[in-house]
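The chain contents come next:
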Amino acid sequence: MTTPANRDYPSPSRLSPQWAAIAAALTVFLLFAIPTAVVEYSLVNQKRTAAQQASERTAQHVEQQLTKALYPTYALAALVREGDGTIRNFDDIARQLIALSPEVSALSLAPEGVVRQFVPLAGNEKAIGHNLLTDEKRNREARLAIETRKLTLAGPFELIQ
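Residues numbered from 1 in each chain as written. Predicted model: local features only at pLDDT ≥ 70, side-chain atom pairs only at ≥ 80, totals over all residues. Heavy atoms only, no water.

### Some points on the pattern of salt bridges
Between side chains of opposite charge, pairing is possible as soon as their charged atoms come close. Here is the rule: We define a salt bridge as a contact between a side-chain nitrogen of Lys or Arg and a carboxyl oxygen of Asp or Glu at a distance within 4 Å. In DSSP terms, a helix is any run of H or I states spanning at least four residues, a strand is any run of E spanning at least two, and both are numbered starting from the N terminus. Each residue is placed in one exposure class: buried if its accessible area under a 1.4 Å probe, protein chains only, is under 20% of its type's maximum, exposed if it is over 50%, and partly exposed if it falls in between.
Tallying each qualifying case throughout the model produces four salt bridges. Its salt-bridge partner being E103, residue K68 comes within 3.7 Å of it at the nearest N-O pair. Pair noted here: K68 is in helix α1 (residues 17–82) and E103 is in the loop between α2 (90–100) and β1 (107–109), with a separation of 35 residues, a long-range link. Using a relative accessible area of 31% as the deciding quantity, one classes E103 as partly exposed. The partner of E141 in a salt bridge is R140, with the nearest N and O atoms 3.7 Å apart. Exposure remark for E141: the relative accessible area of 18% places this residue in the buried category. On the basis of relative accessibility, which here comes to 67%, the residue R140 falls in the exposed class.

### A closer look at the nonpolar core
Under the convention used in this document: The term nonpolar core refers to a set of buried residues drawn from Ala, Val, Leu, Ile, Met, Phe, Trp, Tyr and Cys, joined through side-chain atoms within 4.5 Å. Should any heavy atoms of two residues lie within 4.5 Å, those residues are counted as being in contact.
Within the largest apolar cluster, 11 residues are counted, these being A69, L76, I87, F90, A94, L97, I98, V104, L107, L109 and V119. Secondary-structure elements contributing two or more residues to this core are α1, α2 and β1. With near-sequence residues (within four places) excluded, I98 lies in contact with V104, S105, A106, L107, V119 and P120.

### Some thoughts on α2
Applicable threshold: Directions from the helix axis toward the C-beta atoms define the arc.
Of the residues making up α2, those classed as buried are F90, A94, L97 and I98. Buried residues along α2 cover an arc of 100° about the axis, so they all sit on one side. In α2, the exposed positions that point more than 90 degrees away from the buried face belong to Q96, A99 and L100.

### Digging into a nonpolar patch on the surface
Spelled out, the test is: To count toward a patch, a residue needs a relative accessible area over 30% and no salt bridge; like charges are then connected within 9 Å, while nonpolar side chains (Val, Leu, Ile, Met, Phe, Trp, Tyr) are connected within 5 Å. Using the Shrake-Rupley algorithm and a 1.4 Å probe, accessible areas are obtained, with residue cover drawn only from the displayed protein chains.
A contiguous nonpolar patch, built from L26, F29, L30, I34 and V38 and spanning about 500 Å² of accessible area, is present on the exposed surface. Mapped onto the fold, L30 is located in helix α1.

Put into structure tokens, the structure is as follows:
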């Protein structure tokens, strides 16, 4: 019985010229293919890293813009708490907050879920008296805000006004 250990394999010097050419071609192919594959893998990895970094920068930018846009809301919330549910001089304060926050175009006050004040009022008159808690398109987030006592974001919505 012949085992792999004592099998008689041809030595490289006894290979036919055809097999020697194939072996040489395979060696040359591998000498070029392996470095090319390594370089290609590296380029793909660099592109993946660059895309990930770009998406992280975009996410940070969006988060910063959103945070800046929410500053007036947090300020109004503090004033509502201090005023036991009302804000004296809401119109003046809202105009100042809008001027300081170019990301914000309007602010409203809705005690008990009903829009009572809106700045600027021009063009937004139809929103006055709108009950956010009974509007089936908007009440889920309004109720969530009341239950959690935290700011919630919702939308986009088609504006009433």
